[in-house]
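# Coordinate analysis (summary)
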Amino acid sequence: MFCSQPSLDQIIDVIDQLSLGICRTEPRLISHDKHFCYKIETGKGLFCLKFISTRFYKNYFYASKKQTVFYFEQGDEIAKVMTQYGIPAITMAKNIKLIAVKKNGYLILVYPFIEGNVLNRFTIEPDKVRCIAALLGQMHSIPTYLFNETALKNKFILERTFCERIVADKSWERLSKMILDPNLTFRLHNLNKFIENICVEVINRNIDESCLVVAHNDLQPKNVIIDNQGSLHILDWDFAGLCNRDVNFLDTLLKWCLTLREDSFRIDIARRDLFIASYKTFSLPIQVSTKTLSLITFRWIVWLAVCARYFLENKDEKYFHSLRFAIYFLEFIKKNRQKIISKIK
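Residues numbered from 1 in each chain as written. Predicted model: local features only at pLDDT ≥ 70, side-chain atom pairs only at ≥ 80, totals over all residues. Heavy atoms only, no water.

## Let's talk about the pattern of salt bridges
Throughout the structure, instances matching the rule amount to 14 salt bridges. Among the ionic pairs, Lys-255 bridges to Asp-218, the shortest N-O distance being 3.3 Å. With a gap of 37 residues between them, Lys-255 in helix H7 (residues 245-257) and Asp-218 in the loop between strand E7 (212-215) and strand E8 (224-227) connect regions that are remote in the sequence. Taken as a pair, Lys-255 and Asp-218 share a single burial class, namely buried. Linking Arg-272 and Asp-273 is a salt bridge whose minimum nitrogen-to-oxygen distance equals 3.1 Å. A relative accessible area of 11% places Arg-272 in the buried class. Judged by its relative accessible area of 38%, Asp-273 falls in the partly exposed class. Salt bridges sharing common partners tie together Asp-76, Glu-77 and Lys-80. (Salt bridge = Lys/Arg side-chain N within 4 Å of Asp/Glu carboxyl O. Helix = DSSP H or I, 4+ residues; strand = E, 2+ residues; numbered from the N terminus. Buried < 20%, exposed > 50% of the residue type's maximum accessible area, 1.4 Å probe, protein only.)

See the structure below:
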């Protein structure tokens, strides 16, 4: 683990500082990958308390504490605007706090706790695919001028800077001696030239700013929860911001329509067709090109680089699984570029 886990006394102290009330039950750890998330029950209600490591963002995203706070604050501001237009976004219950816990800098984020289940990408029901595609179309239809356009632009530029710094490290090239699976090492080696070409193409690209929309930017099943009444909620808006509309459309489609079979990704055709049909109800044009795919591929290369560096330094098994998925996705794009473009209309 990159940062030490807060003790019970430290968690209670944070709850007091945030005036969340008296705990009725002991805080329960509900997730602990790069961050620590706790379910908190007090006299004021149920909360999800997140300890976000600023050291993690400094080491793996090259972001200062100030930049990290800005990233999360703007994501939440976007989520709040989205809720005004019918998007079921989960927004913070309290303003962000930067608190030193055991000499580690944590951002303390508080959300209402939703009782329910996070979706599984491999067992998604058709009605959920239809709903997500419709919500995506709805988000893309909201004009950018309804948001803080200066903050949007600043976050957009900041994200580009982070991504270029992350891939410049080429951390995936140092994995060959660490990965015990020879097959996976071989597959990654075969992707090196493809990765290099995509990075050169994307970093030198000219962005068509006329096609930018405000989007969640990580709308995948693990960021969607279905509550006990069957209602859908969208979580984790920290990556929310400007994105090319076609890139965001295809990126989201792939996250909801890819299935894993025999260590490789394939598109579920029924899900794909359902997703496209539902999105089209908003009369938005779909113009997928090789440039669109390159921009999406670059995002996955960034994630590959983050996971590779984290795995190299921490030997975390969860990030090894993320590495595998990133490699499988890059293989899928490399093999199916023209087929994807021809089928998405």
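## Points about the nonpolar core
Counting residues in hydrophobic clusters, the biggest one holds 107 residues, and the most contacted among them are Trp-172, Trp-237, Phe-249, Leu-250 and Phe-275. In terms of residue count, the dominant contributor to this core is helix H9 (residues 290-314) (15 residues). Beyond its immediate sequence surroundings of up to four residues, Phe-249 is in contact with Leu-136, His-140, Phe-275, Ile-276, Tyr-279, Ile-286 and Ile-344. (Core = buried A, V, L, I, M, F, W, Y, C linked by side-chain atoms within 4.5 Å. Contact = heavy atoms within 4.5 Å.)

## Points about unusual backbone geometry
Even without being glycine, Lys-170 reaches a positive phi, approximately 50 degrees. Locating Lys-170 in the fold gives a position in the loop between helix H5 (149-168) and helix H6 (182-203). Positive phi, normally seen in glycine, also occurs at Asn-217, with a value near 75 degrees. Mapped onto the secondary structure, Asn-217 falls in the loop between E7 and E8.

## With respect to the pairing of strand E12 (residues 264-267)
Pairing of strand E11 (residues 258-261) with E12 involves four bridges; the strand directions are antiparallel. Along E12, the bridge assignment pairs Leu-258 with Ile-267. Between E11 and E12, which pair antiparallel one after the other, the connecting turn spans two residues, and Glu-262 there sits at a positive phi close to 50 degrees. (Pairing = 2+ DSSP bridges.)

## Looking at the packing of aromatic side chains
Here the structure, examined in full by the defined rule, presents 19 aromatic pairs. For the ring pair Phe-56 and Tyr-310, a centre distance of 5.7 Å and an interplane angle of 55 degrees mean the geometry is tilted. Here the residue Phe-56 occupies a position in helix H2 (residues 54-61), and Tyr-310 occupies one in helix H9, the gap between them amounting to 254 residues. The exposure class of Tyr-310 is buried, given its relative accessible area of 0%. Geometrically, the ring pair formed by Phe-249 and Phe-275 is tilted, given 5.9 Å between the ring centres and 55 degrees between the ring planes. Of the two residues, Phe-249 sits in helix H7 while Phe-275 sits in helix H8 (residues 269-279), which places them 26 residues apart along the sequence. Summarising the burial analysis for this pair, Phe-249 and Phe-275 share the class buried. (Phe/Tyr/Trp six-rings, centres within 6.5 Å; stacked < 30°, edge-to-face > 60°.)

## With respect to the packing of helix H4 (residues 126-140) against H7
At their nearest, the axes of H4 and H7 sit 11 Å apart, and the two run at 165 degrees to each other. In terms of orientation, H4 lies roughly antiparallel with respect to H7. The crossing of H4 and H7 is right-handed. Mapping the contact onto sequence places Ile-132, Leu-136 and His-140 in H4 and Arg-245, Asn-248, Phe-249, Thr-252 and Trp-256 in H7. Of the residues assigned to the contact of H4 with H7, the class counts are four nonpolar, three polar and one charged. (Axes fitted to C-alpha atoms, helices over the stretch in contact; angles between N-to-C directions. Parallel < 35°, antiparallel > 145°, perpendicular 65-115°, else oblique. Left-handed = near helix turned anticlockwise from the far one by under 90°. Nonpolar A, V, L, I, M, F, W, Y, C, P; charged D, E, K, R; others polar.)

## With respect to H7
With 13 residues, H7 should cover 18 Å at 1.5 Å per step; its first-to-last C-alpha distance of 18 Å lies within 8% of that length. Summarising burial for H7: 13 of the 13 residues are buried, a large majority. Of the residues flanking the start of H7, the one acting as N-cap is Asn-244, its side-chain oxygen 3.0 Å from the backbone nitrogen of Asp-246. (Expected span 1.5 Å × (residues − 1). Polar contact = N/O pair within 3.5 Å; in protein donor to acceptor, adjacent residues only side chain to side chain.)

## Examining the sheet that holds strand E9 (residues 232-234)
Either a parallel or an antiparallel arrangement is found when strands of a sheet pair, and the pairing is made through backbone hydrogen bonds. Pairing is antiparallel across the open sheet formed by three strands, whose spatial order is E6-E8-E9. Of all strands in the sheet, those with a lone pairing partner are strand E6 (116-118) and E9, marking the two edges. Between one strand and the next, the sheet's axes are offset by a mean angle of 25 degrees, whatever the strand orientation. Examined bridge by bridge, E8 and E9 share three bridges and lie antiparallel to one another. Residue pairing for E9: Ile-226 is matched across the bridge by Leu-232. Contacts from H4 reach E8 and E9 within the one sheet, and its direction differs from that of E9 by about 45 degrees.

## Quick look at the packing of H5 against H9
Viewed as axis vectors pointing N to C, H5 and H9 meet at an angle of 60 degrees, and their least axial separation amounts to 9 Å. Classified by the angle between their axes, H5 and H9 sit oblique to one another. The crossing of H5 and H9 is left-handed. Residues Glu-159, Cys-163, Ile-166 and Val-167 of H5 form the contact with H9, whose own contacting residues are Phe-298, Arg-299, Ile-301, Val-302, Ala-305 and Val-306. Looking at the contact of H5 with H9 residue by residue, the class counts come to eight nonpolar, no polar and two charged.

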